[in-house]
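Structure at a glance
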Amino acid sequence: MEIAVFGNPGSGKTELIKGLMKKIDKGTFVDGNVEVPILREFFKGNIKKKEPFQVPAPMRNYMVCVSCGLCAKNCPLGAISEADLWIDPLECEGCGVCAEHCPQKALNMMNMQVGNIFHMEDSQKRLVFGKLMPGALGGPILAERLLDEAQNYKDLTVIETFGLGELSARLITRAQKLILMTNGLDESILKRAEAFFGGKEKFLVLNGVHGDQDAKRTFVQKAVDLGYEFLSEMKYIEDPEKRQEAFKGLSDMVKERVF
Amino acid sequence: MIIGILAVRGNIGRSTFTRSLASFWAKREEVSLYELDVSNPKLISFYPWNEKTVKRKVSRVDHKKCDLSGRCFEACNFGAILKENGRVTRKPYFCRGCGHCKEVCPKGAIYFEEMESGQIGSGKDGNISFFAGRLSSGDAWEGGLIKEIKESHPIEGKNAVLKAPLGLGAMSLKAIKDADTFLLVTSDHQGVKDEINTFGQIVQGFDMPGAVVFIGKRFPEDISQEIDGLNLTGLFVPFIQDLGSDTLQEKDPNVQEAFEKTLRLSGGA
Ligand code: SF4
Ligand code: SF4
Ligand code: SF4
């Protein structure tokens, strides 16, 4: 069973997961932020396993390259400069099309390490997280790999997603339950969740939303119409200790009604 | 001068800072502001922009021709084409449109179709030219849309502020790689030092001036030291709640010092 916590940036996903880590004795957590993973700071256990994460990248053998430029012409993403044939590592997605087109077979798709996958363990609880090298590509693929690894434990899996783009989309497409957290009333977040979440059970939490009661009611109704169960509305609490208390309460509720 | 603005955590005031910096700069000269955080483009509610819909090419499978050889999903590195329940299925929102699947398909069963990727557009507000994109709720890949914005409205040679997608990965960096100054906007939260360190490595890799904008009640000594130790500039900006559509300098003129320093980072303005 995979439960994804999804929501707009700053909506309190990390705080909820932090609370859940204390409440659950058995299960696997996945940190969807593969660039600056943060959940490890709250997880008590030790690192049990570390594996390299690799992505395919084209490497040119200059001994056989005749500078014909066909690779640059055929790269669908414009990652190869037509002027000097330099492959821009920020633009190249490693699709392999250039290698197919090289008449000299000068381009080889090689596996390049761009990060690591870590498993932490605290008796029956685990945390799977990844760390990409600064600025490296492959983040969304790494996020999916973390979920594969977590699924191997055949346990309850709780996923913290990151952002609203591809990194989170890849994880929510594979979850069975979704907890949507929001700090605003922009309905595009509901649409986004609908587009990618394939499971059935959806839950909604409002956290520190400004706006009048009517606007909130309309938003919640929209969500309920889409099949969400409304869990709770949390007020913005400035004091960190009181806020932590509030999230403890939310964690209890999530454990009871979602798990 | 082109300033690229990164952040890892959301809801800490990056949009407000970005807007305020652009207004400050625009008092002196024409500035272009790019909202490239296309999956969460908060700035579009503050500027006028006329949007137009952008489509991108994604692969499709002709099931009449497909013989389930499986070559396509072996060739696809993005999980956009896969075999599920004895049939080839698609996740078009992950497709890069690269065409590798088509190239390897022995039956010619793959063709391309356009899918709505989002809206891009531009507008003008006094001295600020605004450019932005908003990813459609049905698309997941930010890269295509970001490229579209930059190709329609080239950045080169302008005075520009670029707001990157959230994070410090390739997507965020490629959005702002035209910049000659990088800023990281952050606040006091767990993991902030790791964030600053990662940013430091990026700045070093690009060999460019970098600054950390710390938004908070105060500037903690240990964080300020961390920033100095990485040869980055530390800039403190007080946190102001419920700003609405005001700029920071309207509430607290002292922040102008941070903007002034930002504009001096690469010797501009
Ligand atoms: S297609 Fe091959 S031979 Fe031609 S320039 Fe590219 S790498 Fe060199
Ligand atoms: S692997 Fe794909 S994206 Fe990278 S350079 Fe080759 S064709 Fe371009
Ligand atoms: S076009 Fe490229 S990304 Fe899209 S399905 Fe084919 S191989 Fe995958």
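This part covers the overall build of chain B. For chain B, the count of helices and strands is nine helices and 11 strands. Considering only C-alpha atoms, chain B reaches an extent of 70 × 40 × 35 Å along its principal axes. Considering chain B as a whole, with its 269 residues, one finds that 58% of them fall into the buried category. Restricting to contacts in chain B with at least 6 residues of sequence separation, those with at least 24 account for 70%. As displayed, chain B offers around 11000 Å² of accessible surface, 44% of which is attributable to carbon and sulfur atoms. Mean positive and mean negative side-chain charge positions of chain B (35 and 35 charges, respectively) differ by 8 Å.

The next thing to look at is the site of ligand 1. Around ligand 1 sit 14 residues in total, of which Cys65, Cys68, Gly69, Cys71 and Cys102 of chain A are the nearest. Here the residues of the shell around ligand 1 sort into 10 nonpolar, three polar and one charged.

This part covers a nonpolar patch on the surface. Residues and elements named next belong to chain A. On the surface, a nonpolar cluster with roughly 250 Å² of combined accessible area is contributed by Met59, Met110 and Met112. Among the secondary structure elements, Met110 is positioned in strand E4 (residues 107–122). Classification of Met110 by relative accessible area gives partly exposed; the value is 42%.

A separate point is the site of ligand 3. Around ligand 3 sit 13 residues in total, of which Cys76, Cys95, Cys98, Gly99 and Cys101 of chain B are the nearest. When its residues are assigned to classes, the shell around ligand 3 shows eight nonpolar, four polar and one charged.

A few words now on the sheet that holds strand E7 (residues 128–135) of chain B. Residue and element names in this part refer to chain B. The mixed open sheet is built from nine strands, whose spatial order is E3-E6-E7-E2-E8-E1-E9-E10-E11. With one partner strand each, in any of the chains shown, strand E3 (50–61) and strand E11 (233–238) form the two edges of the open sheet. Taken over all neighbouring pairs, the strand axes of this sheet differ in orientation by 20° on average, direction set aside. In terms of strand pairing, strand E10 (residues 210–216) meets E11 through six bridges, oriented parallel. Bridge assignment links Ile215 to a residue of E11, and that residue is Val237.

Bringing the domain arrangement of chain A into the picture now. Residues and elements named next belong to chain A. Entries for chain A in the domain assignment read domain 1 (2–54 + 116–257) and domain 2 (56–112). Computed over C-alpha atoms, the centres of domain 1 and domain 2 are 38 Å apart. Across the boundary between the two partners, domain 1 contributes four residues, which contact six residues of domain 2. Summed over both sides, the interface between domain 1 and domain 2 buries roughly 370 Å², with carbon and sulfur atoms accounting for 58% of that surface. The largest contributions to the domain 1 side of the interface with domain 2 come from Gln54, Gly135 and Leu137, which together make up 97% of the buried area. Counting across the domain 1 and domain 2 interface gives zero salt bridges. Applying the counting criterion to the domain 1 and domain 2 interface returns zero residue pairs in polar contact (both at pLDDT 80 or more). Looking at the side of domain 1 that touches domain 2, its residues break down into two nonpolar, two polar and no charged.

Its boundaries defined by the atoms lining it, the second largest pocket holds a volume of some 670 Å³. Elements with a minimum of two residues in the lining of the second largest pocket: strand E3 (46–60), helix H4 (139–151) and helix H5 (166–172) of chain A together with helix H5 (170–175) of chain B. Of the residues forming the lining of the second largest pocket, the biggest block, six residues, is contributed by H4 of chain A. Considered class by class, the residues forming the lining of the second largest pocket number 19 nonpolar, 13 polar and 13 charged.

Calculation notes
Residues numbered from 1 in each chain as written. Chains lettered and ligands numbered in written order. Predicted model: local features only at pLDDT ≥ 70, side-chain atom pairs only at ≥ 80, totals over all residues. Heavy atoms only, no water. Helix = DSSP H or I, 4+ residues; strand = E, 2+ residues; numbered from the N terminus. Buried < 20%, exposed > 50% of the residue type's maximum accessible area, 1.4 Å probe, protein only. Contact = heavy atoms within 4.5 Å. Areas by Shrake-Rupley, 256 points an atom, 1.4 Å probe, with all protein chains shown as cover. Lys, Arg positive; Asp, Glu negative; His and termini not counted. Charge placed at Lys NZ, Arg CZ, Asp CG, Glu CD. Near = heavy atom within 4 Å. Nonpolar A, V, L, I, M, F, W, Y, C, P; charged D, E, K, R; others polar. Patch = residues over 30% accessible without salt bridge, like charges linked within 9 Å, V, L, I, M, F, W, Y side chains within 5 Å. Salt bridge = Lys/Arg side-chain N within 4 Å of Asp/Glu carboxyl O. Pairing = 2+ DSSP bridges. Axes fitted to C-alpha atoms, helices over the stretch in contact; angles between N-to-C directions. Domains from an automatic or database assignment. Buried area = accessible area lost by both parts, 1.4 Å probe. Polar contact = N/O pair within 3.5 Å; in protein donor to acceptor, adjacent residues only side chain to side chain. 1 Å grid on protein atoms, 1.4 Å probe; cavity = no way out; pocket = protein on both sides within 12 Å on 5 of 7 lines; lining within 4 Å. Points joined across faces, edges and corners; volume = space filled by probe spheres on them.

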